[in-house]
Amino acid sequence: MIIRYERNGKVKHGWQVEEENKVRVIEGDIYKQDDRKPVMTGLELPLEELRVLAPCAPSKVVCIGVNYKDHAVEMGKDLPAEPLMFMKPSTAVIGPGEAIVYPSLTENLHYEGELAVVIKKTARHIKAEQAEEYILGFTCAIDVTARDLQQRDGQWTRAKGFDTFCPLGPAIAPKLDYNNLRIVTRVNGEVRQDSNTSQMVFKVPQLLEAITSVMTLLPGDVVLTGTPAGVGQLHVGDEISVTIEGIGTLTNRVVAP
Ligand code: MG
C-alpha cells in the first residue's frame, strides 16, 4: 500500500507491505500520466523513523452526502435522485494521528466514517465505464461535521470546512473490490458504525462521472463517498478510528481549540 511520509524534511511516497513495519522508498511521481511507472527502489526504511502524512495532498476534496441507504433511513431523508455534492477545502486535510480541533463555534461535532477515492490523473467528463483508469486507489476518511452549523446554515461550507475536518489515511490501497468492503467506525474503541460499501446508493464510477461533469478532478484530489448509519457526537478527548477492509485503520483524537 502507498503511504506518504516526511523524513529529514523531505516528503516522499513509499510502499508498505501490510502488517510490516518496513517501508520501501518510491522514487518519482506516483501520479505520472505517461507509461513510466514510479520506481520502487531497493531502499527500505523502518516505519518508526518516518512521520506518516495524509497519503495525498489534494487540491480539493469533493464529498457526497446521503449516499448510504442505511444512513438515509436514520436521517429520515429520501434517497437523492442524483449525487448530492459538497466540498471541503484542502486545508481541512490532516494525516493519521493528527488532532481534530473541536471548534468553539459548534456545540455538536459529529464523525462520519467514509471510503475515500484518490484520483490518479486529470479527469474531466469521464464516463462511469472509464472511471477505474482514473483511480489511484482508496483510503479511509472522516467527514468531521459541525451538525448544528449544517442545520443552521442551510448549505454546508462552514459545517464541513473547518481546518482538521478531513482526516485521511493511513495508506492508499490501489486495488480493492470497492463495492463490497466492510467499514467500521469506533469511538474510544466502541463500535458506532458497522456497514458495507455495498449499501452505497451511487457507486464510485457513477460518482466520478457525476463530479467530472461539473468540475475537473486533478491528480491527488479526493472524493469522499458518503457515510453509513450510526453517525454521532464527538467530544474533546475522544479517539475516533475508521477501519476499512483491505486498507487499514485511520485513528485521530479530538482536542480543544
Ligand atoms: Mg459525509
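### Some thoughts on the sheet that holds strand S20 (residues 248–255)
And step 1. Sheet architecture is open: 5 strands sit in the order S9-S20-S19-S15-S16, paired in mixed fashion. Every other strand in the sheet has two partners, leaving strand S9 (99–101) and strand S16 (190–196) as the edge strands with one partner each. For this sheet, the mean inter-axis angle between neighbouring strands, taken without regard to orientation, is 20 degrees.
And step 2. Alignment of strand S15 (residues 182–187) against S16, held across 6 bridges, turns out to be antiparallel. By the bridge assignment for S16, valine 187 is matched with glutamate 190.

### Some words on the nonpolar core
And step 1. If you look at the biggest cluster of nonpolar residues, it comprises 75 residues, and the most contacted ones within it are Phe138, Leu168 and Leu224.
And step 2. Ranked by residues supplied to this core, first place goes to strand S12 (residues 135–142) with 6 residues.
And step 3. In terms of domain composition, this core takes at least three residues from each of domain 1 (2–52) and domain 2 (60–255).

### Digging into the packing of aromatic side chains
And step 1. Per the counting criterion, the structure on display carries 3 aromatic pairs.
And step 2. Aromatic side chains phenylalanine 86 and tryptophan 156 sit 5.0 Å apart centroid to centroid with 65 degrees between the ring planes, which places their arrangement in the edge-to-face category. Of this pair, phenylalanine 86 sits in strand S7 (residues 84–88) while tryptophan 156 sits in the loop between helix H2 (147–153) and helix H3 (157–161), placing them 70 residues apart in sequence.
And step 3. For tryptophan 156, a relative accessible area of 18% puts it in the buried group.

### With respect to the coordination of the magnesium ion
And step 1. Only Glu112 (OE), Glu114 (OE) and Asp143 (OD) from the protein coordinate the magnesium ion, and they sit 2.0 to 2.1 Å from it.
And step 2. For glutamate 112, a relative accessible area of 5% gives the class buried.

### Structural notes on helix H4 (residues 204–212)
And step 1. Along H4, 7 of the 9 residues are buried, which leaves the element largely enclosed by surrounding structure.
And step 2. Among all positions in H4, only Val204, Pro205, Leu207, Leu208, Ala210, Ile211 and Thr212 are buried.
And step 3. Residues of H4 that are buried sit in contact with strand S6 (61–65), S7, strand S11 (113–119), S12 and strand S17 (222–224).

### As for the side chain of asparagine 108
And step 1. Take asparagine 108: it is sitting in the loop between S9 and strand S10 (109–111).
And step 2. Side chain to side chain, asparagine 108 and glutamine 233 meet in a polar contact 2.9 Å long.
And step 3. Here asparagine 108 is in contact with Tyr102, Thr145, Ala146, Arg147, Asp148 and Gln233, once residues within four sequence places are set aside.

### What to know about the environment of arginine 51
And step 1. The topology assignment puts arginine 51 in strand S5 (residues 51–53).
And step 2. Separated by 42 residues in the primary sequence, arginine 51 and glycine 9 place their C-alpha atoms 10.0 Å from one another.
And step 3. In this structure, arginine 51 is in contact with Arg4, Tyr5 and Glu6, ignoring residues within four places of it in sequence.

### Some thoughts on the domain arrangement of the protein
And step 1. According to the domain assignment, the protein consists of domain 1 (2–52) and domain 2 (60–255).
And step 2. Centre-to-centre, using C-alpha coordinates, domain 1 lies 25 Å away from domain 2.
And step 3. Taken together, the contacts link 7 residues of domain 1 with 13 residues of domain 2.
And step 4. Here domain 1 packs against domain 2, burying approximately 890 Å² in sum over the two surfaces, 60% of which is carbon and sulfur.
And step 5. The tally of links from domain 1 across to domain 2 stands at 0 salt bridges.

### A few points about the sheet that holds S10
And step 1. In spatial order, the strands read S13-S10-S18; together these 3 strands make up an open sheet with antiparallel pairing. Of all the strands in the sheet, just strand S13 (145–146) and strand S18 (232–233) have a single pairing partner and so form its edges.
And step 2. The pairing of S10 with S13 spans 2 bridges and is antiparallel. Bridging from a neighbouring strand, leucine 109 pairs with alanine 146 of S13.

Reading guide: rules and limits
- Residues numbered from 1 in each chain as written.
- Predicted model: local features only at pLDDT ≥ 70, side-chain atom pairs only at ≥ 80, totals over all residues.
- Heavy atoms only, no water.
- Pairing = 2+ DSSP bridges.
- Helix = DSSP H or I, 4+ residues; strand = E, 2+ residues; numbered from the N terminus.
- Axes fitted to C-alpha atoms, helices over the stretch in contact; angles between N-to-C directions.
- Core = buried A, V, L, I, M, F, W, Y, C linked by side-chain atoms within 4.5 Å.
- Buried < 20%, exposed > 50% of the residue type's maximum accessible area, 1.4 Å probe, protein only.
- Domains from an automatic or database assignment.
- Phe/Tyr/Trp six-rings, centres within 6.5 Å; stacked < 30°, edge-to-face > 60°.
- Donors = N, O, S within 2.8 Å, 3.2 Å for Na, K, Ca; no water.
- Contact = heavy atoms within 4.5 Å.
- Polar contact = N/O pair within 3.5 Å; in protein donor to acceptor, adjacent residues only side chain to side chain.
- Buried area = accessible area lost by both parts, 1.4 Å probe.
- Salt bridge = Lys/Arg side-chain N within 4 Å of Asp/Glu carboxyl O.

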